[in-house]
Protein chains: 2
Amino acid sequence: MATGNITIKELAKELNLSTAAVSKALRDSHEISAATKERVMAVAEKLNYVPNPYAGSLRHRKSKTIAVVLPEVADSFFSLAINGIESVAIEKGYHVLLYLTHESILKEEAIFKDLASGRVDGVLLSISSETDGIDHIRSLFNRNMPIVFFDRTCEEIETVKITTNDYESGYKAAEHLIKCGCKRVAFFSISNSLQINNKRRQGCLQACRDHDVEEGFSHLLLSNRASEVNYQLIKAEMLKPDRPDGIVASVEKFTTDIYLICRELGLGIPADVKVVSFSNLASVSILDPALTTITQPAFEMGELASSILIKSIELKSFALKNENRVIPSTLTVRASTVGK
Amino acid sequence: MATGNITIKELAKELNLSTAAVSKALRDSHEISAATKERVMAVAEKLNYVPNPYAGSLRHRKSKTIAVVLPEVADSFFSLAINGIESVAIEKGYHVLLYLTHESILKEEAIFKDLASGRVDGVLLSISSETDGIDHIRSLFNRNMPIVFFDRTCEEIETVKITTNDYESGYKAAEHLIKCGCKRVAFFSISNSLQINNKRRQGCLQACRDHDVEEGFSHLLLSNRASEVNYQLIKAEMLKPDRPDGIVASVEKFTTDIYLICRELGLGIPADVKVVSFSNLASVSILDPALTTITQPAFEMGELASSILIKSIELKSFALKNENRVIPSTLTVRASTVGK
DNA sequence: TTGAAAGCGCTAACAT
DNA sequence: ATGTTAGCGCTTTCAA
């Protein structure tokens, strides 16, 4: 706000009108004559008048701003989701405040506390992997803040949740591995408190059950932070005598470690270990070997979340129901699970 | 702002105080007794009082908000830069409004027009690849809006620019290719109107000159939009009899196409073509072959840009000088340029 | 068709 | 140490 901005008052003086008249003219009110409107518009244009959004917000109790709260942005799913969110928002005249939790519930709580100020008209949320308690979310939700979840949801909050078919995707991933001959399927988790993580895992497990390899199913909980730690955890897992011969990675960031460790240990992919990962990276097809992926409809999920949120903000008739909107993911088979 | 938020007035009534007293108490003013402060704080806490930021903005002509305007977020450089920007901003109590230009100058202009409203206290900008004119930027800048560029700068605007050593990086990349035996080095551009692109290209060219392979230097302008188009352009280039035997890709998104085309045409990397790309992707080391990269200090550039901008907002003594702050990139040699 | 005045929530003079 | 008042820029009754 360093801009020495022109105000309605100044416009009014320039035009020899009242501020009220100018305000109405700018909003194209029917109670202002066409001639006056023209005059006002012309001068406004000339003086480069842009209304002060905060004055308007104060009056209207609407900020035309939404908050996007998510764990991080250096993940292709979230990047693409933001693209979808922003596209819709800008088109509808909304501004996007970005908040990153960096997977920390403390940061998430601090952000939610701030959002109680009324800085935004609604919130798009994908919770941190540390988030187990939900008081901070409920507290804001109970103040009638519209909240729409995408991807990482909270079942307990009764609102719209945009997800992909996590359970089925997990199931399909594991089933694919089993059909490729895997007997010992491992699911690499990012967090045990995330619904989507657990659904994917349960899908895997069920596939193993249905195909009689349940006792081969294992589950490795990795960290969402330090890659060092994960490297060691994965390596230890792959050194076990009954190491997995098939891996489902719940997030794309695990794949680099998996590949490097297999290389270090002399395990061939897919010969010795087959790998599927949830990922939206464009470069998966040029990995060594090309990576079989579950690709989430990231952009579309962002778009849908954004448009539902904004609709609920603008139409009081459109309340946010407790509802799951599911957009399916796609399994794309590549060399990391077949061939060679 | 759907939150039925509590106001200072209501606090004051609850406490039997004036709004002014409450306001001062909340800001820990010395002219309020300790006892009263305690009382106020207690009630504020109890009633979950959070000040209305827009009322404050209106009074102070400060929004504690910065805008980040950049081409896209689905690029690891920008993702990491946002991380850096957001970290610093949140720590200093600033909010981040995210705007994506999607490489369109029209969108960029529309955003800048809006920013004249005083919605933000400062702007971090990485221009679109279409941006040739700069009137929209100058116009805002002349209104005393602090603007700091990062990565994709505008020389003409006299302010701080955070970049990496683009020229040297281009030089190093090409020199590395030449030392690996390349005779025909091509630079794949994302835009001819971006300084950073041209500096990288000029660096390449100079390296070719210095090593007597100037006549082998070529330059291919690709699109920042449709990947289809790029695929065909690159393919045509690689089908030429005097096709390059070394490629410097100015942005990471070109690498997938390059790899796929070489595969399609039966060109081995690095045997027939060596590839270096500017990239911050974590997965470059597991590509087939692992990709030699120029890695930009993305996070650090974001951090620095953010902290300089905020400093200039807060300290009137700290004016933004016309200055280049350069953080060097790193060349990491991998299999796409050597071996096999 | 236009204008005067009040008020959104907050703070900074200026009283008291 | 606390209260009164005016005003940030805008919109919206209500009056003219």
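What counts, and at which threshold
- Residues numbered from 1 in each chain as written.
- Chains lettered and ligands numbered in written order.
- Predicted model: local features only at pLDDT ≥ 70, side-chain atom pairs only at ≥ 80, totals over all residues.
- Heavy atoms only, no water.
- Pairing = 2+ DSSP bridges.
- Helix = DSSP H or I, 4+ residues; strand = E, 2+ residues; numbered from the N terminus.
- Axes fitted to C-alpha atoms, helices over the stretch in contact; angles between N-to-C directions.
- Contact = heavy atoms within 4.5 Å.
- Near = heavy atom within 4 Å.
- Polar contact = N/O pair within 3.5 Å; in protein donor to acceptor, adjacent residues only side chain to side chain.
- Nonpolar A, V, L, I, M, F, W, Y, C, P; charged D, E, K, R; others polar.
- Salt bridge = Lys/Arg side-chain N within 4 Å of Asp/Glu carboxyl O.
- Buried < 20%, exposed > 50% of the residue type's maximum accessible area, 1.4 Å probe, protein only.
- Domains from an automatic or database assignment.
- Buried area = accessible area lost by both parts, 1.4 Å probe.
- Least-squares fit on C-alpha atoms with pLDDT ≥ 70 in both.
- Disulfide = S-S within 2.5 Å.
- Right-handed = clockwise from strand over helix to strand, strands pointing away.
- Parallel < 35°, antiparallel > 145°, perpendicular 65-115°, else oblique.
- Left-handed = near helix turned anticlockwise from the far one by under 90°.

Chemist: An account of the sheet that holds strand β7 (residues 218-221) of chain A is requested, with residue identities and associated values reported.
Modeler: Residues and elements named next belong to chain A. Taken together, the six strands give an open sheet; going across it, the order is β7-β6-β8-β9-β10-β12, and neighbouring strands pair in mixed fashion. Pairing within the sheet leaves two strands with one partner each, and these edge strands are β7 and β12 (330-332). Neighbour-to-neighbour, the strand axes of the sheet open up by a mean angle of 20 degrees, direction not taken into account. The sheet contact formed by strand β8 (residues 246-249) and strand β9 (residues 274-278) spans four bridges and is parallel. Its bridge partner lying in β9, Ile247 is registered against Val275. Where helix α8 (residues 166-179) meets the sheet, it contacts β6 (185-189), β8, β9, β10 (292-295) and β12, and its direction lies at approximately 165 degrees from that of β9.

Chemist: Requested: an account of the protein's contact with DNA strand D, with residues and values cited.
Modeler: Residues in contact with DNA strand D amount to 27 residues; listed here are only the nearest, A:Ile8, A:Tyr49, A:Arg59, B:Lys24 and B:Arg61. Within the side chain of A:Tyr49, an N or O atom sits 2.6 Å from a phosphate oxygen of DNA strand D. When contributions to the surface near DNA strand D are tallied by element, the ones reaching two or more residues are α1 (8-15), α2 (19-26) and α4 (53-60) of chain A together with α2 (19-26) and α4 (53-60) of chain B. Of the residues belonging to the surface near DNA strand D, the class tally is 10 nonpolar, nine polar and eight charged.

Chemist: Can you explain the pattern of salt bridges? Please cite residues and give values.
Modeler: Residues and elements named next belong to chain A. One pass over the full model with this rule turns up 28 salt bridges over all chains. As a salt-bridge pair, Arg200 and Asp166 come within 2.7 Å of each other at their nearest N and O atoms. Placement of the pair is Arg200 in helix α9 (residues 195-210) and Asp166 in helix α8, with a sequence separation of 34 residues. Each member of the pair Arg200 and Asp166 is classed as buried. Bridged by salt links that share partners, the residues Asp151, Asp166 and Arg200 form one connected network.

Chemist: With reference to specific residues and values, describe the sheet that holds strand β9 (residues 274-278) of chain B.
Modeler: Residues and elements named next belong to chain B. Overall, mixed pairing links the six strands, which are arranged β7-β6-β8-β9-β10-β12 in an open sheet. Either end of the sheet is taken by a strand with one partner, and the two such strands are β7 (218-221) and β12 (330-332). Averaged over neighbouring strand pairs, the angle between their axes works out to 20 degrees when direction is ignored. Of the pairings in the sheet, the one linking strand β6 (residues 185-189) to β7 comprises four bridges and is parallel in character. By the bridge assignment, Phe187 is partnered in β7 with His219. Packed on one face of the sheet, helix α8 (residues 166-179) meets β6, β8 (246-249), β9, β10 (292-295) and β12 and runs near 165 degrees to β9. This element, helix α9 (residues 195-210), spans β6, β7, β8 and β9 of the sheet and lies at about 175 degrees to β6.

Chemist: Hey, could you go over the protein's contact with DNA strand C for me, with residue numbers and the actual values?
Modeler: Taken together, 27 residues sit near DNA strand C, with A:Lys24, A:Arg61, B:Ile8, B:Tyr49 and B:Arg59 positioned nearest. When atoms of DNA strand C within 4 Å of the protein are sorted by moiety, sugar and phosphate together comprise 70%. Take B:Arg27: an N or O atom from its side chain is 3.0 Å from a phosphate oxygen of DNA strand C. B:Tyr49 has a polar side-chain atom sitting 2.6 Å from a phosphate oxygen of DNA strand C. The residue makeup of the surface near DNA strand C, split by class, is 10 nonpolar, nine polar and eight charged.

Chemist: Could you give an account of the pairing of strand β2 (residues 95-100) of chain A, naming the residues involved and the relevant values?
Modeler: Residue and element names in this part refer to chain A. A large share of β2 lies buried, amounting to six of its six residues. Across the two faces of β2 the burial is the same, with His95, Leu97 and Tyr99 and Val96, Leu98 and Leu100 all buried. Where strand β1 (residues 65-70) lies against β2, six bridges are found, and the strand directions are parallel. Bridge pairing in β2 places Val68 opposite Leu98.

Chemist: Provide a residue-level description of the domain arrangement of chain A, including the pertinent values.
Modeler: Residues and elements named next belong to chain A. In terms of domain boundaries, chain A breaks down into domain 1 (8-51), domain 2 (61-164 + 298-328) and domain 3 (166-295). Taken over C-alpha atoms, the centre of domain 2 sits 29 Å from the centre of domain 3. Facing the 20 residues of domain 2 at the interface are 16 residues of domain 3. Taking both sides of the interface into account, the surface hidden between domain 2 and domain 3 amounts to around 1400 Å²; carbon and sulfur atoms contribute 42%. For the interface between domain 2 and domain 3, the tally reads four salt bridges. The partner of Lys199 in a salt bridge is Glu155, with the nearest N and O atoms 3.8 Å apart. There are 10 residue pairs in polar contact (both at pLDDT 80 or more) connecting domain 2 and domain 3. No other element matches helix α5 (residues 76-91), which puts three residues into the side of domain 2 that touches domain 3.

Chemist: Quick one: what's the story with the relation of the copies chain A and chain B, residue by residue and with numbers?
Modeler: Each of the two chain copies can be generated from the other by rotation about an axis followed by a shift along it. With an RMSD of 0.1 Å, chain A superimposes on chain B once it is rotated by 180 degrees and translated 0.0 Å along the axis. Expressed as an axis order, the relation between the two copies is that of a two-fold axis. The share of interface residues of chain A whose copies in chain B are also at the interface is 100%, consistent with both copies meeting through the same surface.

Chemist: With reference to specific residues and values, describe the interface of chain A and chain B.
Modeler: At the interface, 59 residues of chain A touch 59 residues of chain B. Between chain A and chain B, roughly 5500 Å² of surface is buried when both sides are summed, and carbon and sulfur atoms account for 59% of that area. One can count 22 residue pairs in polar contact (both at pLDDT 80 or more) joining chain A with chain B. Looking at the side of chain A that touches chain B, the elements with two or more residues in it are α4, α5, β2, α6 (105-115) and α11 (254-265) of chain A. Of all the elements, α5(A) adds the most residues to the side of chain A that touches chain B, at seven residues.

Chemist: Which residues make up the state of the cysteines, and what values go with them?
Modeler: By the definition in use, this model includes zero disulfides over all chains. Distance from the sulfur of A:Cys182, which forms no disulfide, to the nearest cysteine sulfur (A:Cys180) is 6.6 Å.

Chemist: Tell me about the pairing of β9(B), residues and numbers included.
Modeler: Residue and element names in this part refer to chain B. Across the five residues that make up β9, a large majority, five, are buried. Neither face of β9 is open: one carries Lys274, Val276 and Phe278, the other Val275 and Ser277, and all of them are buried. In this region the chain leaves β8, passes through helix α11 (residues 254-265) and returns to the parallel neighbour β9; the handedness of that crossover is right-handed. Judged from the three bridges that link them, β9 and β10 form a sheet pairing that is parallel. Looking at the pairing, Val276 lines up with Thr292 of β10.

Chemist: So what's going on with the packing of α6(A) against helix α7 (residues 135-142) of chain A? Residues and values would help.
Modeler: Residues and elements named next belong to chain A. Here α6 crosses α7 at 15 degrees, and the two axes come no closer than 9 Å. Regarding the angle of α6 to α7, the classification is roughly parallel. The element α6 and its partner α7 pack so that their crossing is left-handed. Between α6, through Ile105, Glu108, Glu109, Phe112 and Leu115, and α7, the contact on the second element is made entirely by His136, Ile137 and Leu140. Residues of the contact of α6 with α7, tallied by class, amount to five nonpolar, one polar and two charged.

Chemist: Before we move on, can you summarise the environment of B:Asn48 with the specific residues and values?
Modeler: Residue placement: B:Asn48 occurs in the loop between α3 (34-46) and α4. Owing to a relative accessible area of 38%, B:Asn48 belongs among the partly exposed residues under this scheme. Beyond its immediate stretch of four places on either side in the chain, B:Asn48 contacts A:Arg143 and B:Ile6.

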